[in-house]
Every structure is written in structure tokens, then in C-alpha cells.
There are 2 protein chains.
Amino acid sequence: MIKIGILGYGNIGKGVEIAIHQNPDMELVAIFTRRNPKDLKTITETETISISEIEKWKDNIDVLILCGGSATDLPEQGPQYAKMFNTIDSFDTHAKVFEYYNKMDKSARRGQKLSIISVGWDPGLFSINRLYSEVILPNGTTYTFWGKGVSQGHSDAIRRIPGVKNAIQYTIPITTAMEKVRTGATPDFNIREKHIRECFVVVECDVDKKEIEEKIKTMPDYFENYDTIVHFISEEELSKNHNTMSHGGFVIRSGKTGINQVTKQIVEYSLKLDSNPEFTSSILVAYARAVYKLHKMGEIGARTVLDIPPAMLTNRTQKELLKTII
Amino acid sequence: MIKIGILGYGNIGKGVEIAIHQNPDMELVAIFTRRNPKDLKTITETETISISEIEKWKDNIDVLILCGGSATDLPEQGPQYAKMFNTIDSFDTHAKVFEYYNKMDKSARRGQKLSIISVGWDPGLFSINRLYSEVILPNGTTYTFWGKGVSQGHSDAIRRIPGVKNAIQYTIPITTAMEKVRTGATPDFNIREKHIRECFVVVECDVDKKEIEEKIKTMPDYFENYDTIVHFISEEELSKNHNTMSHGGFVIRSGKTGINQVTKQIVEYSLKLDSNPEFTSSILVAYARAVYKLHKMGEIGARTVLDIPPAMLTNRTQKELLKTII
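Just so you know, the residues in each chain are numbered from 1, in the order the chain's sequence is written. Naming scheme: in the order in which they are written, chains are lettered from A and ligands are numbered from 1. Two thresholds apply to this predicted model, a pLDDT of at least 70 for residue-level local features and 80 or more for giving and counting side-chain atom pairs, whereas whole-chain, interface and lining totals are computed over all residues. Derived side-chain values reflect all non-hydrogen atoms in the structure, with water molecules and hydrogen atoms excluded from consideration.

Visitor: What exactly am I supposed to notice about the overall build of chain A here?
Guide: In this text, helices come from DSSP runs of H or I with a minimum length of four residues, and strands from runs of E with a minimum of two, each type numbered from the N-terminal end. A tally of helices and strands in chain A yields 10 helices and 14 strands. For the C-alpha atoms alone, the extent of chain A along its principal axes is close to 65 × 60 × 35 Å. Within chain A, the fraction of its 326 residues that count as buried is 60%. Accessible surface computed for chain A: about 14000 Å², of which carbon and sulfur atoms make up 48%. Counting rule applied: Lys, Arg positive; Asp, Glu negative; His and chain ends not counted. Charged groups are reduced to one reference atom each: NZ for lysine, CZ for arginine, CG for aspartic acid, CD for glutamic acid. Mean positive and mean negative side-chain charge positions of chain A (41 and 41 charges, respectively) differ by 5 Å. For every residue, the accessible area obtained with a 1.4 Å probe (protein chains only) is divided by the maximum for its type, and the residue is called buried under 20%, exposed over 50%, and partly exposed between those limits. Every accessible area reported is derived by Shrake-Rupley at a probe size of 1.4 Å, with residue values counting cover from the shown protein chains alone.

Visitor: Sorry, what's going on with the packing of aromatic side chains here?
Guide: For any pair of aromatic rings, the description rests on two quantities: the centre-to-centre distance and the angle between the ring planes. Residue and element names in this part refer to chain A. Only the six-membered ring of Trp is used, alongside the rings of Phe and Tyr, when aromatic pairs are assigned; centres must lie within 6.5 Å, and planes under 30 degrees apart are stacked while those over 60 apart are edge-to-face, with the rest tilted. Inspection of the entire model under this criterion finds 12 aromatic pairs over all chains. Relative to tryptophan 57, the ring of phenylalanine 32 has its centre 5.7 Å away and its plane inclined at 80°; by these criteria the two rings are edge-to-face. In this pair, phenylalanine 32 sits in strand 2 (residues 26-33) while tryptophan 57 sits in the loop between strand 3 (47-50) and strand 4 (63-66), placing the two residues 25 residues apart along the sequence. For tryptophan 57, a relative accessible area of 15% translates into the label buried. Ring centres of tyrosine 143 and phenylalanine 189 lie 5.6 Å apart, and the angle between their planes is 70°; this geometry places the pair in the edge-to-face category. Linking tyrosine 143 in strand 7 (residues 140-146) with phenylalanine 189 in the loop between helix 6 (175-182) and strand 10 (195-203), this pair joins segments that are 46 residues apart in sequence.

Visitor: Sorry if this is basic, but what is going on with the sheet that holds strand 8 (residues 149-150) of chain B here?
Guide: Two orientations exist for strands paired in a sheet by backbone hydrogen bonds: parallel and antiparallel. Residue and element names in this part refer to chain B. We call two strands paired when DSSP finds no fewer than two bridges between them. Taking strand neighbours across the sheet as the criterion, the 4 strands line up as 8-9-10-11 in an open arrangement whose pairing is mixed. The sheet is open, and its two borders are formed by strand 8 and strand 11 (227-232), each paired with just one other strand. The contact rule is simple, with two residues in contact once any of their heavy atoms fall within 4.5 Å. Orientation is described by lines fitted to C-alpha atoms, with helices fitted over the stretch in contact, and by angles between N-to-C directions that extend from 0 to 180 degrees. Each of strand 8, strand 9 (164-173) and strand 10 (195-203) touches helix 5 (residues 152-159); the most contacted strand, strand 9, lies at about 145° to it.

Visitor: Could you clarify how one ought to interpret the interface of chain A and chain B in this entry?
Guide: For an interface, size is often stated in terms of accessible area lost upon the parts coming together. With 68 residues of chain A at the interface, the matching set in chain B holds 68 residues. Between chain A and chain B, roughly 6100 Å² of surface is buried when both sides are summed, and carbon and sulfur atoms account for 63% of that area. For this document, the term salt bridge refers to a Lys or Arg side-chain nitrogen within 4 Å of an Asp or Glu carboxyl oxygen. At the junction of chain A with chain B, the criterion picks out 2 salt bridges. Arg316(A) is the salt-bridge partner of Glu134(B), the closest N and O atoms lying 2.5 Å from each other. Each polar contact in these results corresponds to two N or O atoms within 3.5 Å; when the atoms are within protein, one needs to be able to donate a hydrogen and the other to accept it, and residues that are neighboring in sequence are counted only if both atoms are side-chain atoms. For the pair chain A and chain B, the interface holds 38 residue pairs in polar contact (both at pLDDT 80 or more). Elements with a minimum of two residues in the side of chain A that touches chain B: helix 3 (97-110), helix 4 (125-136), strand 12 (247-257), strand 13 (263-273), helix 9 (276-296) and helix 10 (318-325) of chain A. Per-element tally for the side of chain A that touches chain B: the top contributor is strand 13 of chain A, with 11 residues. Here the residues of the side of chain A that touches chain B are counted per class, giving 35 nonpolar, 19 polar and 14 charged. Relative to strand 13 (residues 263-273) of chain B, strand 13 of chain A runs antiparallel, the two sharing 9 bridges. Paired with Leu271(A) across the bridge in strand 13 of chain B is Val267(B). Accessible-area loss on putting two parts together, using a 1.4 Å probe and summing over both, is the definition of buried area adopted here. Each residue is assigned to one of three groups, with Ala, Val, Leu, Ile, Met, Phe, Trp, Tyr, Cys and Pro labelled nonpolar, Asp, Glu, Lys and Arg labelled charged, and all others, Gly among them, labelled polar.

Visitor: What exactly am I supposed to notice about the relation of the copies chain A and chain B here?
Guide: Mapping between the two chain copies consists of a rotation about an axis together with a translation along that axis. For the least-squares superposition of copies, only C-alpha atoms count, and only for residues with pLDDT at least 70 in both. Expressed as a screw transformation, the operator carrying chain A onto chain B has a rotation angle of 180° and an axial translation of 0.0 Å, and the superposed copies differ by an RMSD of 0.0 Å. Within this description, the copies of the chain are treated as partners about a two-fold rotation axis. Comparing interface residues between copies, 100% of those in chain A also sit at the interface in chain B, which points to an isologous, same-surface contact.

Visitor: Is there a simple way to think about empty space enclosed by the protein in this case?
Guide: By rolling a water-sized probe across the atoms, one finds the places where empty space is left. Method remark: on a 1 Å grid restricted to protein atoms, a set of points is classed as a cavity if a 1.4 Å probe fits but cannot get out and as a pocket if it is open with protein on both sides within 12 Å along at least five of seven lines; lining residues have an atom within 4 Å of a point. Grid points are joined across faces, edges and corners, and a volume is the space filled by probe spheres set on the points. Considering all chains together, one arrives at 4 cavities of 30 Å³ or more under this definition. In this model, the largest cavity occupies a volume close to 50 Å³. If you go around the largest cavity, the residues you meet are Leu125(A), Ile128(A), Asn129(A), Tyr132(A), Tyr269(A), Ile128(B), Asn129(B) and Tyr132(B). Sorting the residues of the lining of the largest cavity by element identifies helix 4 of chain A together with helix 4 (125-136) of chain B as the ones contributing at least two each.

Visitor: Any chance you could explain the sheet that holds strand 8 (residues 149-150) of chain A here in plain terms?
Guide: Judged by pairing direction, the sheet is mixed, and its 4 strands sit side by side in the order 8-9-10-11 (chain A) without closing on themselves. The sheet is open, and its two edges are formed by strand 8 and strand 11 (227-232) of chain A, each paired on a single side.

Visitor: How should the nonpolar core be read in this particular structure?
Guide: It is characteristic of soluble globular proteins that their nonpolar side chains tend to be buried jointly. Counting 156 residues, the largest nonpolar core has Tyr287(A) and Tyr287(B) as the members making the most contacts within it. When near neighbours in sequence (up to four residues on either side) are disregarded, Tyr287(A) contacts Ile88(A), Ile116(A), Val119(A), Ile128(A), Val305(A), Ile308(A), Leu313(A) and Tyr132(B). By nonpolar core is meant a set of buried Ala, Val, Leu, Ile, Met, Phe, Trp, Tyr and Cys residues that side-chain atoms within 4.5 Å join together.

Visitor: Any chance you could explain the side chain of His242(B) here in plain terms?
Guide: All names here are of chain B. Along the chain, histidine 242 falls in the loop between helix 8 (235-241) and strand 12 (247-257). Among the polar contacts made by the side chain of histidine 242, one reaches the side chain of tyrosine 170 at a distance of 2.7 Å. Discounting chain neighbours no more than four positions away, the residues touching histidine 242 are Ile168, Tyr170, Phe200, Ile233 and Glu237.

Visitor: Before we go on, may I ask you to explain helix 10 (residues 318-325) of chain B in this structure?
Guide: Count 3.6 residues to each turn of an α-helix, and residues three or four apart come out pointing the same way. If you check which residues of helix 10 of chain B are buried, you get Leu321(B), Leu322(B) and Ile325(B). The buried residues of helix 10 of chain B occupy one face: seen down the axis, they fall within an arc of 115°. Of all possible arcs, the one meant is that of the directions from the helix axis to the C-beta atoms.

Visitor: Is there a simple way to explain the pairing of strand 11 of chain B in this structure?
Guide: On any regular strand, side chains alternate: one points to one face of the sheet, the next to the other face. Residues and elements named next belong to chain B. Here strand 10 pairs with strand 11 via 6 bridges, running parallel. Within strand 11, the residue paired with isoleucine 196 across the bridge is aspartate 227. For the handedness criterion, the strands are oriented away from the viewer, and a crossover whose path from the first strand over the helix to the second runs clockwise is classed as right-handed. The β-α-β motif built from strand 10, the intervening helix 7 (residues 209-217) and the parallel element strand 11 has right-handed crossover chirality.

Structure (C-alpha cells):
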């Protein structure tokens, strides 16, 4: 049995708690929290422990799954616990992955442990698919489309505008752009041509909606380069109609092969997820098995999903894989 | 530079010859053939060598790509050359992969070489996707659909019927079945419900077409469990309209997550290929890089694509991968 610990009990922590029970070779040992452990209402019967006690659990946990966020939790918790435990995390700030990797590698090596970072679907499964299709079709272009689904970062950005009480932002891929790529074309899209941003916003009374709409649409990095649609709705409507966790996306490689490089070859990978956090959690749990197996084989340091052989994710034997999966 | 040799110069051999030139870190050293080397009209300027001379090239070739067929060439050539060279092959007889793997592993170990077997899209990329989606969504069902594309095995089976001069058989996935899976359902399809078989057949004069049609439709293993459509056409029409190399397919996993296991999660991988042999060749060449790198690291024996970390397929550095692919 692989003994798993969970650090952080939000949507991902809960998803991991459930996903572990889909894997008969794993056992959830404890959930660690910064809150008062007694206040945690867990889904399954699991011991809840204050994070301050975590070091005592060093020898009782094979893999610690870090379920915190990428903005503030993981940059601190990752390097701190990678020297005590084998870890899995879903660090997803693309621009800072290299820096995070180096810190995690150093910390894990110091503790003779193994960490797989940036596990999830993007980064994660999408990264794997970008790499496979690029190496197979070197002459080509890869397109990643996200959605339809809620972007927490963009929703938060709207919520920071004075006068906004609440907001949900959907990233929506533009179907005609996807269809164009699927014909074997390799268009140079600008940002605006790939995704639409649709916002549902709840404002305080007596604010100028026109002004808020303008502030959203012109916000640098987040919205200014997109076609953005803004709807003002009530808090009731928001909580009733926009509490979805669904998401998804597409990685499409359009490449050319052959003597004159005119043969079209299209590789497409797509996800249609009714729950983004539950799916991400399921990926984290599968990679927990890989980190366990590889650490037993003597590997230490930091890895990404690109470094992990697919067969490390399963507990099936080589014979079973050859007879049923190949 | 990775020095590549090609053994066998059919559609796959030609595809490999071209694909190598898409990869600036590779060099095609020689093409080996059972035919008279002088009779080989190669696409690029490449030395052609009789297979009887191959052993002399042992130290001049890093990876030998075996481009023969799975029915008779590879079962013999694979174990024979795996002890002299690092090899890549596209052995695709699913039912015999385990037996072939064991022979290749023994032979490669004897020669201290490394072989990756069953490289292609099915087995190959489809196997990888079946494994990833199964480990991530343990509660679910995987569906593989092939086509539309020509099945050589089924075309050959028709050609063996007395009175048949030529034939082409298309495997066609049933769209309504795929759509059903994409809704998150997990139906138990029988064979007939997933694919249609459409045959274009050229017959000798004076044969009983009804009888031949009946023989095709009732042929065990190949056709009896399918809805099969038979068209009788002229040799001219066959060579004009049915010389396509296009193919494709889909791997769809429909899984459930969450507390009551009711959250639907769909993972789909698909290929739309204008040339099946050129795409397969491109995969073989990408895995040649992996076998080269892993053998340099000291690995020997047989492997499948499931054993190979995605990062082994690229010549990009870890830093580049972290900054551009993740």
C-alpha cells in the first residue's frame, strides 16, 4: 500500500481524498491543514493534523500531495516539504515553472527525496501532448485552446476592481479558429482570434456600470487583447447559474510530412471535464504512484510529467501492459 | 549527430528516409535491402547496401530502424538484428506483442543493445493514451475507434478469395457510437456497433459476384461480426479512386469521479492522417532519438513506448522544456 498524505484541504485536497479511494493500492494516512484540525469536515474518515505536526509524520507517509495554490502556497510549501517528503504538486504558473523547478530540485536532493512538479492538465497532460506531437511532427504548429471554463485568475482580477462585489469569468475557445486548424492550416492567430472572455459581474449599488465595464475591457494582460463580453447580474443569479466547476480544452498539432512537405497530419487531444478540480486531483494521485515507484528505484530531485515513463503510473505488470494496453 | 540505418525500403522505409531530414540532429547513413542494392531508387542520395553486408556496419550506425512488416519480416529480422544494433520497429500484431517482446529483450540483452518495439500509432501513441487515461480515470471505459482508412489485413483477406483480382477494404468508425461515448455514457458495444467494413472488389470475368459477396461477408474473424458493404468495381476505378494512404482514429475514455462517482470526465485523442505510412515513420524516427539517448545512459533490453519518458524523444534541454513546453 502506498501511504498518501494531503496538505491543504480545498477543492483539490477534497478531490485527492476521493480519488485515492479509486486506487486499491493506495491508502490515505492523514490530511494536514493550517486551520484547526478539529474544524475540518472531511468527506471520508481521515485523521486531520495541524501542519505544525507534519515533520513527525516523515516516516509514515510515502508521498505528500501538496494541494495548495500556485500564487502563495506552493512557492513556500513546495521547497519546505520537498526535503522531508516525496511530493506531487500542481504548480501552474507557467512563467515561474523553471524557477520553481530549481528550488524543488535543490530541496528534494538535500532530503534525498523525489518531487514531481506541475502535475495537472495544463501544465501536465497538455504539456505531454505538446511534446509528443512536436517531436513526431517537427514541421508544424501546435495550438492550445482552453475552455469553456472558469478562469480563477481572471475572475479574481475583476473582483479587485472597486465597486465589484463578485465575478466569474469564462474563457471560451473560438470554434471557427479550431475548425481552421483541423483542416490542416497553420494560421498565425493573434490572442483575440483564439479565445473570447465572458464575464458575469455583481456590482455594489450606485456604481457606474459603464465605467466598470470599461475598466474590465481595458485591463492590461487580463482583458485588453481579447474580445470581452460583460454581463451585470445579481448575486442570486451568479450563485445559482455560475457555480460550475466544468472546464476543458484542446491541444491540436497541425503538421506536414512527405517529400515536398505537403501531406497534412493532424493530432488532437481534448478534455471535456464536468469537474476541473476532481480531474486535476485524479492526475495528482496517478503521479503519486510514479513518485513512489521511482523513489524506491533510487531517484531523487525534481521532475516534471515529461520525465516520467507512462508505465510508472500504473501498478500493472509489464506482461499485463503488453497483453492489454499495447 | 545520431547515425541512422534503414532496413527495408517499402512505404515505411521511404517515410523514415524523408522524416530523418526533418530532424537536424540525425543523419541517414545507409539503407539496407534484400533486393539488389543497385535496383533501389531512393528519394534522397543515400548509400544502398545488401542486407548480407549489414554486420560490417555495426559500429557505424547508432540506431537501425526496422521497416519490414509484422507478418513475416519482423518476427525474423527483429531478434536477429537486435543483438547487433539498437533498433526501433513497428511490430503491430497485438496478439503476439508479448511473445515478440520476450524474444527482442533476450536478443538485445545478449548484444548489450536497446530495442523499442511496437512503435507507431496503434500500437504506439494510442497505447500511451489508453494507459494515461486509464490510470487517471480508473472508473471508466476506454473506446478505440479506427478509420476511416484502409486495412491491409482485411484487403489481403479479400484478395485471397478465388476469383478476386484486387480489393481495398476501408474500416469506418460509426459516428453515432462515438457521439454516444462523448456524452459521458459507457455503453457495452458489440463489434458490429463500433465499425463498418466497406470493400471495393475487382473480380475476374465470369465469376458469381453474389457468391463472392457472400464469402466476404461470412469470413470468420475478418468480416462475419461486422456490417460489411461490398462494391464490385473495375481495376481502373480501384487504382484511380482507392489509392489513398489516409487513415486515422480515436481513443476516448469516458470516466467518472467524485463522491458518488457521478461526475463525467471525457478524454479524447484523435489522429487525422493524410498519409498513414509517413506518420508512422515520423514516430519511428522520434523514438530513434530516445533509443540513442537511453542506450548512451546504459540501458539495454527491450522496451515499449510505455517505458519511455516523453522528454527522451526531444533534443531540447530541461530548461527549454520547462520554459516552452510545460
